[in-house]
Amino acid sequence: MTHNLNFKGEKVVPVRDGQTILQASLDAGIPHYHACGGKGQCTTCRVLVLEGQDKLTPPTAPEQIIKRVKKFPDNVRLACQSQVKGDGVAVQRLIRDAVDRHIFVDETEENMTSVIGESRKLALFFIDIRDFTPFVEKSLPFDVIHVMRRIFALYKNAIAQYDGEIIDTAGDGLYVVFGLNSKIREATESAVLAGLKILSDLRIFNNTYMRPYFNHTFEVGIGVHVGRVIVGNVGIGLSQNLTVMGFPVNIAARLQAATKELNNSFVISAVAYRLLRKPPYAVGCDYLNLKGVSTPYEVKLIGKPYESKDAAVLARTIQE
Ligand code: FES
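Residues numbered from 1 in each chain as written. Predicted model: local features only at pLDDT ≥ 70, side-chain atom pairs only at ≥ 80, totals over all residues. Heavy atoms only, no water.

Identification of the protein chain as Adenylate cyclase from Pontibacter indicus is taken from an unreviewed UniProt entry. Taken verbatim from the UniProt record of the protein chain, the Subcellular location (unreviewed entry) comment is "Cell membrane". (UniProt positions renumbered as here; feature names shortened; annotations may be inferred.)

Asker: Can you walk me through the overall build of the protein chain in this structure?
Answerer: Counting its secondary structure elements, the protein chain contains ten helices and 13 strands. Burial analysis of the protein chain (320 residues in total) assigns 49% to the buried set. Within the protein chain, residue pairs in contact and separated by at least 24 positions form 67% of the contacts whose partners lie at least 6 positions apart. Element-wise, carbon and sulfur atoms account for 53% of the exposed surface of the protein chain, whose accessible area totals about 16300 Å². (Helix = DSSP H or I, 4+ residues; strand = E, 2+ residues; numbered from the N terminus. Buried < 20%, exposed > 50% of the residue type's maximum accessible area, 1.4 Å probe, protein only. Contact = heavy atoms within 4.5 Å. Areas by Shrake-Rupley, 256 points an atom, 1.4 Å probe, with all protein chains shown as cover.)

Asker: Can you help me understand the pattern of salt bridges in this one?
Answerer: Any two side chains of opposite charge can pair, on the condition that their charged atoms come close. All chains considered together, the criterion is met by ten salt bridges. Of the charged contacts, one joins Glu-63 and Arg-77 as a salt bridge, the two residues approaching to 2.8 Å between their closest N and O atoms. Of this pair, Glu-63 sits in helix H2 (residues 61-70) while Arg-77 sits in strand S4 (residues 76-78), and the two are 14 residues apart along the sequence. For the pair Glu-63 and Arg-77, one class covers both residues: buried. The partner of Glu-298 in a salt bridge is Lys-300, and the shortest N-O contact between them spans 3.7 Å. Relative accessible area serves as the criterion here: at 22%, Glu-298 is assigned to the partly exposed category. Among the residues examined, Lys-300 registers a relative accessible area of 18% and is labelled buried. Beyond isolated ion pairs, a larger network of salt bridges with shared partners links Arg-274, Glu-298 and Lys-300. (Salt bridge = Lys/Arg side-chain N within 4 Å of Asp/Glu carboxyl O.)

Asker: Explain the pairing of strand S6 (residues 118-130) here, please?
Answerer: Regular strands have side chains that alternate between both faces of the sheet. Alignment of S6 against strand S9 (residues 219-232), held across 13 bridges, turns out to be antiparallel. By the bridge assignment, Leu-124 is partnered in S9 with His-225. (Pairing = 2+ DSSP bridges.)

Asker: Would you mind showing me how to read the sheet that holds strand S1 (residues 2-7) here?
Answerer: Paired through backbone hydrogen bonds, the strands of a sheet run either parallel or antiparallel to each other. One open sheet accounts for five strands, arranged S2-S1-S5-S3-S4; its pairing is mixed. The open sheet has two free edges, formed respectively by strand S2 (11-16) and S4, since each of these has just one partner strand. Here the average twist between neighbouring strands, direction ignored, is 40°. (Axes fitted to C-alpha atoms, helices over the stretch in contact; angles between N-to-C directions.)

Asker: Looking at this structure, how should I read the side chain of Thr-43?
Answerer: Mapped onto the elements, Thr-43 comes out in the loop between helix H1 (21-27) and strand S3 (46-51). Here the side chain of Thr-43 touches Arg-46 through a polar contact of 2.5 Å, side chain to side chain. (Polar contact = N/O pair within 3.5 Å; in protein donor to acceptor, adjacent residues only side chain to side chain.)

Asker: I keep staring at H2 and nothing clicks. Help me out?
Answerer: Side chains three or four residues apart in an α-helix point the same way, a direct result of the helix having 3.6 residues per turn. Within H2, burial applies to Glu-63, Ile-66 and Lys-67. Projected onto a plane normal to the axis of H2, the buried residues spread over an arc of 105° and lie on a single side. Residues Ala-61, Arg-68 and Val-69 are exposed on H2 and point more than 90 degrees away from its buried face. Looking at the buried positions of H2, the neighbouring elements they touch are S4. (Arc of directions from axis to C-beta.)

Asker: Explanation requested: helix H7 (residues 184-214) in the structure shown.
Answerer: Considering bend angle alone, the principal kink of H7 is centred on Asn-206 and spans about 45°. Positive phi shows up at Asn-215, right after H7, with a value of about 50°. (Bend = angle between axes of the 7 residues up to and from the residue.)

Asker: In this structure, what is going on with the nonpolar core? I would like to understand it.
Answerer: Across soluble globular proteins, nonpolar side chains have a tendency to be buried as a group. Counting residues in each nonpolar core, the largest one holds 43 residues, and the members touching the most others are Phe-125, Tyr-155 and Phe-218. Looking at this core, the elements with two or more residues in it are S6, helix H6 (141-161), strand S8 (173-178), H7, S9, strand S11 (266-269) and helix H9 (270-273). Tallying contributions element by element places H7 first for this core, with twelve residues. Non-local contacts of Phe-218, meaning those with residues more than four positions away in its chain, are made with Ile-129, Phe-132, Phe-135, Val-147, Ile-151, Leu-202, Asn-206 and Met-210. Formed by 24 residues, the second largest nonpolar core is a distinct cluster that contains Leu-5, Val-13, Val-47 and Ala-79. (Core = buried A, V, L, I, M, F, W, Y, C linked by side-chain atoms within 4.5 Å.)

Asker: Help me understand the packing of H6 against H7 in this model?
Answerer: Remark: H6 packs on H7, axes separated minimally by 9 Å, with the N-to-C direction vectors making an angle of 155°. Classified by the angle between their axes, H6 and H7 sit roughly antiparallel to one another. The crossing of H6 and H7 is right-handed. Residues Asp-143, His-146, Val-147, Arg-150, Ile-151, Leu-154, Tyr-155, Asn-157, Ala-158 and Gln-161 of H6 pack against Ala-194, Lys-197, Ile-198, Asp-201, Leu-202, Phe-205, Tyr-209, Met-210 and Phe-214 of H7. (Parallel < 35°, antiparallel > 145°, perpendicular 65-115°, else oblique. Left-handed = near helix turned anticlockwise from the far one by under 90°.)

As structure tokens, this is what we get:
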């Protein structure tokens, strides 16, 4: 019996019972990489299964071993070890030229999912120090860096405790995601708990360190939102360097920026707030006009009003 197999973006090829995907593609003239000659050892023949995964034969013993070692997700199969048992299977070759081969098959490869890229629902967390510049201007360079290291250590401690992943830093701010290893409800709760811990630890740091030694205190702004984003590694040389992109990321960043306007240190979207099993007391609810969103965006204020004077002046400007 013969089935049709769709090599997405290339051609549909016939594949006979007993024939592997690799044999079928080579017979059809597709230049399919197969460095080990189809022994299930090199992984250069690997394909991403887009449709009809249940119509493939189960992984052979060599494929099972290599999938475990390389941490391949279920939808990545070795073409030389897989046969097709029905119509409606669509695959995509992952290694189509020498550059692909360099990207996918090198000694630093650890997690195929991050290389392929995937769509995930995550909690997105932005934090920034309010009014850091005055401290920079009046302090010695050594003190600026030392204090930043103390504050970042405080951030990192809370983020690690709640299983967050730092994606990016910019000046005195951080962009973090929660949910790479958990479901979205738990991820949202973790993001909120990490944020509340940072606010509480920062209060202690201000009282026990900053005020006595520097006669200065810091405040921060935190924004949290949830949404479906693209997660992957764009390969700038750091194998663990994840990139997380998508419109929800822009919203989370905007919520962080809005903390000053709303005069509250922690702003969370109402969408995220509704996911919390035990939501913290929200001192207020507000609406923001966001670029690309037609209706005002509902947010909850779960932090504290700022103590600094200029924040009060800026407060409550959004709806005016
Ligand atoms: S050709 Fe080497 S693993 Fe398939």
